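Single-letter residue listing:
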Amino acid sequence: LLTKDRLRIGELCCQICLVTACCLLCPYLAGTHVNYEVKGDVAVVRINDPNSKVNTLSIQMQKELTDVMNEVWSNNAVQSAVLISTKPGCFIAGADINMIEGCKTAEEVTQLSQEGQNIFEKIEKSPKPIVAAINGSCLGAGLEFVIACQYRIATKSKKTVLGTPEVMLGLLPGAGGTQRLPKMVGLPSAFDMMLTGRNIRADKAKKMGLVHQLVDTLGPGLKSPEERTIEYLEEIAIECARGIVNKKIPLSKEKGMMQKLQDYIMSFEMVRNQIYKTVHGKVMKQSKGLYPAPLKIIECVKAGIEQGPIPGYLAESQNFGQLAKTTESHALIGLYHGQVTCKKNRFGAPQKEVKTLAILGAGLMGAGIAQVTVDKGVHTILKDTTVSGLARGEQQVFKGFNDKTKKRNITSFERDSILSNLTGQLDYSGFEKADMVIEAVFEDINIKHKVLKEIEAVIPPHCIFASNTSALPIKEIAAASKRPDKVIGMHYFSPVDKMQLLEIITTEQTSKDTTASAVAVGLKQGKVIIVVGDGPGFYTTRCLAPMLAEAVRVLQEGVDPKKLDALTTGFGFPVGAATLADEVGLDVAAHVAEDLGKAFGSRFGGGNVEVLKTMVDMGFKGRKSGKGCYVYQPGLKVRDVNPDIEEILEKYKMTPNPAVSSDSDVQYRLVSRFVNEAVLCLQEGILSSPVEGDIGAVFGLGFPPCLGGPFRFVDAFGADKLVEKMRRYEEVYGNQFTPCQLLLDHANDSSKKFHK
Amino acid sequence: MASMLLNSLRNCPVCPAWAVQSAARSLSTTVQLQAQVQTKSKKTLARPNVKNIVLVEGVRTPFLLSGTTYSDLMPHDLARAALQGLLHRTAIPKDVVDYIIYGTVIQEVKTSNVAREAALGAGFSDKIPSHTVTMACISSNQAMTSAVGLIAAGQCDAVVAGGVEFMSDVPIRHSRKMRKTMLSLNKAKTLGQRLSLLGSIRLAHLSPELPAVAEFSTSETMGHSADRLAAAFGVSRVEQDEFALRSHSLAKKAQDAGLLQDVISFKVPGRDIVSQDNGIRPSSMEQMAKLKPAFIKPHGTVTAANSSFLTDGASAVLIMSEEKALAMGYKPKAYLRDFVYVSQDPKDQLLLGPTYGTPKVLERAGLTMSDIDVFEFHEAFAGQIMANLKAMDSDWFAQTYMGRKSKVGTPPMDKFNLWGGSLSLGHPFGATGCRLVTTVAHRLQKEGGQYGLVAACAAGGQGHAMVIEAYPK
C-alpha cells in the first residue's frame, strides 16, 4: 500500500510540476485519509476518511498521519503545521471501535494504546508548533490528539463538541488523555469530563482552557457555509501558526488570580487525596461498583499526578487493555452498535413524508410527543377535549423549549419560531391535511375505537393512524378501522423528551409503507426505534409486567420498598423497582397486570394484583398523586416510605421461603422473569432480533446497561446457569419461572449465542 | 409655461437663492458632462396610468459624530431643523403640504411620534397630520415610499418625508424588575404596601437596561455579523480599509468642492452655527492598519475605521405629484420610480439587502446594471459593501440563494458613491435614506446621467432599492 501511495504521490507531483513548476516549493503528500499542503511556511495537514461519514483514528489513519507528520518534521521549508479535517461536522470522532474489538487479548489492546501514546508524545514534543483547527465533533482519541497539539482553535458551530466519551463504552481515554487532561483543565474539570463523558461545546471549552481561540461559523458567501467555514478556520489557523512561530502569540497564558490560587491549593497532597476520595465515593454511589471504567480512570489520573508520567502512562495503557476485555465494555459497545442499528430505517423511505402530524390528547404523553415533533419542521396539531387539558399540554411544550432557552441551547427567537408550528385545538379542523395521527387518549378500548372512527371520518385517505398504547393489542384497535393497513402502534416512553426509545408495533395487516413512515417520523423525533410484532403488552410492557409482579410478591414477603429499590439498583437498574412502579403509575401497573394476567394466565402471576388495586383505591397512584410506595412532597428530594401501605402489605402478607429469599436470589427472581419473557418474545417472533430486544430493554425499561440487555446478559452469564437458578425458583413458585424453549436450547448448547 | 413663470414669480423670496445656486451649478459643470447629457437618449420610465412622482427638494442637517455639537439637543430639534431648512429652500406655503412622515430608529420616549413634534415646532400648519415610521436603517426610505404611495393613491399631492436619528442621547431604562416595582408602587394604596414594595428592591434591580445594540432575533451585534459576512465572502482587511479610505477621500473632495448642497446650516441653540459634516477624516492605509478589530477578536477584520460611526442628524425631502409641482412652479429634481423592499435571513445574510434588492428593482423598471448612471449604496461597513459587491458578481450565489438564473453584476466603481457615503459622511440610522435619494438626484443633475439606483441594507435582514430618473432639463 505504501508503495502504491508513493507512486500516486509521484504522479501528483509530476502533474503539479507540469502545471506550476513549483514542485519543490509546494510538496504535496497525498494519502487516502491524510494529505498535506504547504502554504508559505505552514504545512496544512488535512484529514478525511473517504469511506465513512466520520473520521476515526483507524490503523490506516494513524499510519498516514505518522507518515505525513514525519514529512512535515523533515521538511525544512516548514516552520509550523495546522491540523484540520475537511469533513463537515466532524474533526475526529474517536478511535476506531472495530480496531479495539479486533484485538484478541488485553495485551494487544495495551499495545494499541501505547502506539497511540507514542504518536501523541511526538506531537506534544514537536519542535514545530502544531495548531489543531477543530470544526465538528472532536471526541475520544480526537480530543486526546488535539490536547497533545500546541494550540487549539475551534469553531462556534453547534456541531463542534469536545469530550471523552470512552467511559460510556466502558473504556478510558487510552492515548494520554488521563495524563494530559488534568494538567490542562485542572483535576475537577478533568474528572468531570472523563467520568461523565459529556460533550462540551466550544464556548464552554474556551472558558475551561481546553481551546485557545474561537472562530465564528460563516453564512453563505461564494461557497456553501460549511465549506467556507472550514476554509476560514484554516486561514485563521495558518495565521495563528505563523504568529506562534514569530512569538507574537504566546503559548502559555498568564495565569489569573483564581488559577494561581487553585494551583496553590492543589499543590497539597492532602487536598488532592480528598478529591480522589470524594470522586471515588461519588462514582461508587452512582455506579454501585458495577462499572470498572470510572474507577480505573481515577486510578490512572492518580498514578500520573502522584507518581509521575512514566507510571501514569503505563497505568493508562494497561488499564485500557484490561477494560477493553471486560464484559461491561463488551455490553456497552454492543449497546452502541445496537443504537446505531436502531437509528436506521430498515423499511426504506416512505412514499409520503409526514409534514402535518396530529396528536390526540394533550396529556403528559401527547404533549411530550408534540414537543419532540414540533421542532423538526413538522406542523403539529395538538388536540384535546377540554380547554384546561389543552392549556396544560401547550404549557408543557412551551416549558420544554423555554428550559432550552434558559440553558442557552436555543434562543428565545428560535423557541418562538418553533412553537409557531404548533396548533392547539379542541376540534378536528385541519385534520384533512394530516399525514399521520397519533392518539394518546385514555387506555380504554372503547374510547380508542370511538376516537378512531371520529378521525377516519375527517382524515385524508393516505393518513396513518398510530396508537400510543402501552398494552392494548393494535389488532383490537384496528378492528374498528376501515383501513387496518394504515393502523400502527407507536409506544412512546414517559417523559417523551428524555426517553430515547420508541417501540413501533405492527400487525399482520399493517402495510410496509405505514411502518416505514412511522419509523421515519420516529427517527425525525430523535428516537431509537425497535419494531415489534403485535400481542398483549408487545415487547417492553410484556417484559416489565412479570418483573413487577415479582416485585409485588417480594413486597408481600416483607421486603420494604427501600430494600427492594436497593436490590434492583444494586443489580444495575438505574431506577429501583418500587420507584419505577410509582413513576409508571400504580393504576397503570394494576391495569396492565390485570390485562396481561388475563392474556397470559398464571405465568404472569406472583404478587397479588389486589395489592396494587387496593393501593389505587386508597388514592396511592404513585408520583402523580403524591403517594404510592413512597410519599412525594414537592421540593423535597428525600422521600419516605408511605406508612399506609404497611397495612395493605400486612393484609396480603406471604411467608418467604428462605431457600430462595437471599438478596441475590431476590435479584435473580426479578431479573430472570424479565429475561425469560424477553427470550420468549424472540421465540414467538414478537421480536425480530436480539439486538432490538437489548435496545428496547435498556433504553425503554432501564435494564442494566452494564449487562447490555437481556440477550447479552444470557450470553455472558450463561443460559445454563440462568436455567439452573430458574429451576430452583420454579420448584417453589411454579410455572412463573419455567424457562422458555429458546432459553433451554441455549442452555443445552453452550455454543449457541444470541450475539455472535 | 406662463403659469409656471407666474408661479415662480410668486415664490419670489426663494428666487434669488435658486438663481445663485443654479448659476453656481452650471459654472461648475464641465462642458464634457453637458455633452454627455445630450448624447443620452434613453427612454423614460414614465408609464401610462401611473402618476409621475417627483422629488422637489431634499435637505439635511450636517451629520455630526454623536456627542459633539448636537449633544444637548433632542431628536425632534434636529428634525425641526431639517424641516425648517426644507421650508426655507422651497418656500412652500406652510399649509400646502398634505402630510408629513418621519423615519427614526431609536425613539425618544417623550416624542415617540417625532414627526408630529418636529412639524409643530418647525412652524408647519397644525392641520397637517404626521406620523413616524421605523424600519431600522431604511426608516426614511420607508417614509419616502409611504409618501410615494399616498400620492400615487391620489390621497395627497405634496408630502414631506424625512428621517432623524440622535445617538448622543438614548433612552436607558430601569430593569424590568425595577419597572414592575415602580408600576406597582403607583397602584399601592396603603403605606404598608408601599413600604413592602420598596423593601423588595434589590441592588441588582438598579442595574440599567441599555438599548439593544444586538439583533433581537439572533442576539448578534451588527458589527459582528458584518465581520462574519466579510469573511464569508473572503473580503480582506486591506480591501475594507481601502474602501473606507476611498469613501473618506471622495467625501472630502465633494465637501471641498461644495457638492454636498443638501446640507443646510443649523444654528444650534447655545452653540455655533454648524454647516458641515464633521466625520469626514481621510486617513492613510498605515494608520488604519494599526487599528485592532472592533468586534471579532483577535482575527476579525471590521474595525472602527472601516465601519460607519454613531451619528446625529436629520434629513427631509419634499415629494409631490409632478402636476402639483409644476403647477406650483417648481422645477423638480428627479422622478422617484420603482422601488422594492426585500428581506432575508437575519443571521447570515443580515446586510445583503442591496444584493437582493438591486436585481429585483431593475427588473421592475426594465433596466439593467449598465443603464444606471449613478449608484448610491448605503455604506454600513466597508466589509458589508465589499461583500455585497462580491455577492452581486456571483452566479453561484444568485442561483443558490436568490433563485435567479444569473448574477446581476457589480456597479462600476466610477459611478459608485462618488460623493462619499455613510462611512465618511456619517449614518444617522433614520435619516440616511433621504440623503441617498437626494444625493442621487443631485449627482444625476451634476453628472448628467439619466438613471440612479439607491440600495440599502437594514437590521432585521431587510433591504431596499429604488430607481430614480433625472428630471429633464
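Chain B is annotated in an unreviewed UniProt entry as Trifunctional enzyme subunit beta, mitochondrial of Myripristis murdjan. As its UniProt record puts it under Pathway (unreviewed entry), chain B is described as follows: "Lipid metabolism; fatty acid beta-oxidation." Recorded in UniProt under Subunit (unreviewed entry), the annotation for chain B is "Heterotetramer of 2 alpha/HADHA and 2 beta/HADHB subunits; forms the mitochondrial trifunctional enzyme. Also purified as higher order heterooligomers including a 4 alpha/HADHA and 4 beta/HADHB heterooligomer which physiological significance remains unclear. The mitochondrial trifunctional enzyme interacts with MTLN. Interacts with RSAD2/viperin."

If you look chain A up in an unreviewed UniProt entry, it shows as Trifunctional enzyme subunit alpha, mitochondrial from Myripristis murdjan. Regarding chain A, the UniProt comment filed under Pathway (unreviewed entry) reads as follows: "Lipid metabolism; fatty acid beta-oxidation." Annotation of chain A in UniProt includes, under Subunit (unreviewed entry), the sentence "Heterotetramer of 2 alpha/HADHA and 2 beta/HADHB subunits; forms the mitochondrial trifunctional enzyme. Also purified as higher order heterooligomers including a 4 alpha/HADHA and 4 beta/HADHB heterooligomer which physiological significance remains unclear. The mitochondrial trifunctional enzyme interacts with MTLN."

A.B. asks: Whenever I open this one, the domain arrangement of chain B confuses me. Can you help?
C.D. replies: Quoted interface sizes are often the accessible area lost when the parts come together. What the domain assignment lists for chain B is domain 1 (53-170 + 218-470) and domain 2 (173-209). Distance from the C-alpha centre of domain 1 of chain B to the C-alpha centre of domain 2 of chain B: 42 Å.

A.B. asks: I'm lost on helix H27 (residues 663-684) of chain A in this one. Help?
C.D. replies: For an α-helix, the turn length of 3.6 residues means that residues three or four places apart are oriented alike. A rise of 1.5 Å per residue sets the reference length of H27(A), with its 22 residues, at 32 Å; its end C-alpha atoms lie 32 Å apart and thus fit the reference within 8%. Positive phi appears at A:Gly685, one or two residues downstream of H27(A), with a value of about 85 degrees.

A.B. asks: Before we go on, may I ask you to explain the domain arrangement of chain A in this structure?
C.D. replies: Residues and elements named next belong to chain A. Partitioning chain A into structural domains gives domain 1 (34-324), domain 2 (356-535) and domain 3 (540-748). Just the C-alpha atoms count here: the centres of domain 2 and domain 3 sit 29 Å apart. In this assembly, 18 residues from domain 2 lie in contact with 14 residues from domain 3. Regarding the contact of domain 2 and domain 3, the summed buried area is about 1,200 Å², with carbon and sulfur atoms giving 62% of it. It is Ala471, Leu501 and Ile530 in domain 2 that bury the most area against domain 3; as a group they hold 30% of the surface buried on that side. In this assembly, domain 2 and domain 3 are joined by zero salt bridges. Across the contact surface, domain 2 and domain 3 share four residue pairs in polar contact (both at pLDDT 80 or more). If you list the elements that add at least two residues to the side of domain 2 that touches domain 3, you get strand E18 (501-506) and strand E19 (528-533).

A.B. asks: Help me understand the sheet that holds E19(A), please; the structure alone is not making it clear to me.
C.D. replies: Residue and element names in this part refer to chain A. Within the open sheet, the eight strands sit side by side as E14-E13-E12-E15-E16-E17-E18-E19. Their pairing is mixed. The sheet is open, and its two edges are formed by strand E14 (422-425) and E19, each paired on a single side. Averaged over all pairs of adjacent strands, the angle between their axes in this sheet comes to 25 degrees, without regard to strand direction. Note: strand E17 (residues 487-492) against E18, four bridges, orientation antiparallel. Counterpart to Gly489 in the pairing with E18 is Ile505.

A.B. asks: Looking at this structure, I do not really get the UniProt feature "site: Important for hydroxyacyl-coenzyme A dehydrogenase activity" (unreviewed entry) in chain A. What am I missing?
C.D. replies: All names here are of chain A. In this structure's numbering, the residues bearing the UniProt feature "site: Important for hydroxyacyl-coenzyme A dehydrogenase activity" (unreviewed entry) are His491. Looking at where His491 falls in the secondary structure, it is placed in strand E17. The exposure class of His491 is buried, given its relative accessible area of 5%. Aside from chain neighbours lying at most four places away, what touches His491 is Asn468, Thr469, Ser470, Leu501, Leu502, Glu503, Ile505, Phe538, Thr540 and Thr541.

About the cut-offs
Residues numbered from 1 in each chain as written. Chains lettered and ligands numbered in written order. Predicted model: local features only at pLDDT ≥ 70, side-chain atom pairs only at ≥ 80, totals over all residues. Heavy atoms only, no water. UniProt positions renumbered as here; feature names shortened; annotations may be inferred. Domains from an automatic or database assignment. Helix = DSSP H or I, 4+ residues; strand = E, 2+ residues; numbered from the N terminus. Expected span 1.5 Å × (residues − 1). Contact = heavy atoms within 4.5 Å. Buried area = accessible area lost by both parts, 1.4 Å probe. Salt bridge = Lys/Arg side-chain N within 4 Å of Asp/Glu carboxyl O. Polar contact = N/O pair within 3.5 Å; in protein donor to acceptor, adjacent residues only side chain to side chain. Pairing = 2+ DSSP bridges. Axes fitted to C-alpha atoms, helices over the stretch in contact; angles between N-to-C directions. Buried < 20%, exposed > 50% of the residue type's maximum accessible area, 1.4 Å probe, protein only.

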